[in-house]
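What follows is each chain in one-letter form.
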Amino acid sequence: MSYSDAIAQRVETLSHSALINGVTPLAGRVLLAAIFLLSGISKISDPAGTIGYINMVGLPFPPLSYGAAVVTELLGSIALILGFQTRIVALILALFSVATALTFHNNLSDLNQFIHFFKNIAMAGGLLQVVAFGAGRYSLDARR
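Structure report, in brief. Since the model is a prediction, treat every value here as computed from it, not as a measurement. (Residues numbered from 1 in each chain as written. Predicted model: local features only at pLDDT ≥ 70, side-chain atom pairs only at ≥ 80, totals over all residues. Heavy atoms only, no water.)

Once that is clear, we can look at the packing of helix α2 (residues 18-45) against helix α6 (residues 111-133). Contact geometry for α2 and α6: axes closest at 10 Å, N-to-C directions at 130 degrees. The angle between the axes of α2 and α6 places the two elements in the oblique class. Handedness of the α2/α6 crossing: left-handed. Contacts from L32, I35 and F36 of α2 reach α6 at K119, M123, G126, L127 and V130. (Axes fitted to C-alpha atoms, helices over the stretch in contact; angles between N-to-C directions. Helix = DSSP H or I, 4+ residues; strand = E, 2+ residues; numbered from the N terminus. Parallel < 35°, antiparallel > 145°, perpendicular 65-115°, else oblique. Left-handed = near helix turned anticlockwise from the far one by under 90°. Contact = heavy atoms within 4.5 Å.)

On to the nonpolar core. Counting residues in hydrophobic clusters, the biggest one holds 13 residues, and the most contacted among them are L80, L93 and L127. When contributions to this core are tallied by element, the ones reaching two or more residues are α2, α4 (62-82), α5 (86-104) and α6. If we ignore the near neighbours within four places in the chain, the residues touching L127 are L32, F36, L80, A90, L93, A94 and S97. I54, Y66, L74 and F104 belong to the second-largest nonpolar core, a separate cluster that totals five residues. (Core = buried A, V, L, I, M, F, W, Y, C linked by side-chain atoms within 4.5 Å. Buried < 20%, exposed > 50% of the residue type's maximum accessible area, 1.4 Å probe, protein only.)

So, about the packing of aromatic side chains. Following the criterion strictly, the structure yields four aromatic pairs and no others. Taking the centre distance of 5.2 Å and the plane angle of 35 degrees together, the rings of Y53 and F104 count as tilted. Of the two residues, Y53 sits in helix α3 (residues 47-56) while F104 sits in helix α5, which places them 51 residues apart along the sequence. The class for Y53 is partly exposed, based on a relative accessible area of 32%. Put simply, the rings of F114, F117 and F118 pair up and form one aromatic cluster. (Phe/Tyr/Trp six-rings, centres within 6.5 Å; stacked < 30°, edge-to-face > 60°.)

Among the structural elements, R29 can be located in helix α2. The side chain of R29 is buried and forms no salt bridge, while D141, the nearest opposite charge, is found at 7.4 Å. (Lys, Arg positive; Asp, Glu negative; His and termini not counted. Salt bridge = Lys/Arg side-chain N within 4 Å of Asp/Glu carboxyl O.)

On to unusual backbone geometry. With a phi close to 50 degrees, F61 is a non-glycine residue in the positive phi region. Position of F61 relative to the elements: it lies in the loop between α3 and α4.

For an α-helix, 3.6 residues make a turn, and residues three or four places apart therefore share a direction. Over its 28 residues, α2 runs 39 Å from end to end, which matches the ideal 40 Å to within 8%, given 1.5 Å per residue. A33 marks the point of greatest bend in α2, at about 30 degrees. Every buried residue of α2 is listed here: G22, R29, L32, A33, F36, G40 and K43. (Expected span 1.5 Å × (residues − 1). Bend = angle between axes of the 7 residues up to and from the residue.)

Glancing now at a nonpolar patch on the surface. A cluster of nonpolar side chains, namely V98, L102, L108, L111, F114, I115, F118 and I121, defines an oily patch on the protein surface of about 700 Å² accessible area. For the nonpolar patch, the elements supplying multiple residues, two or more each, are α5 and α6. Counting residues per element, the nonpolar patch draws most heavily on α6, which supplies five residues. Note that L108 resides in the loop between α5 and α6. (Patch = residues over 30% accessible without salt bridge, like charges linked within 9 Å, V, L, I, M, F, W, Y side chains within 5 Å. Areas by Shrake-Rupley, 256 points an atom, 1.4 Å probe, with all protein chains shown as cover.)

Next comes the structure, spelled out in structure tokens:
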């Protein structure tokens, strides 16, 4: 057996392992959800500041936008962690991330905003991987 055949066989074995199909997707979902969960909690702790920031960027109906953001971040992160309706939730969070990048972090000449913009875009990319490949073995979706 050649070296490349041995590597291919090892990769094939790993792709069917419980670690790759179970724990890794769960860890990925938890890590992706963490930023949304923390952001939602921080919005709840300072509603006036968040509504003021939403108003500052010119979104209509800032209190309604605030409520939608809190619900999206909190319920979305919990559903993502649990693996409930994962593909739909991940798509919603990906769209939310892109919308947030375009709305709140569009001053790319400011290094901080530049970093936040591309952080949101990168998160959307990770979430689209969840849309494509699902929640994995350790999820409520897998139990159905």
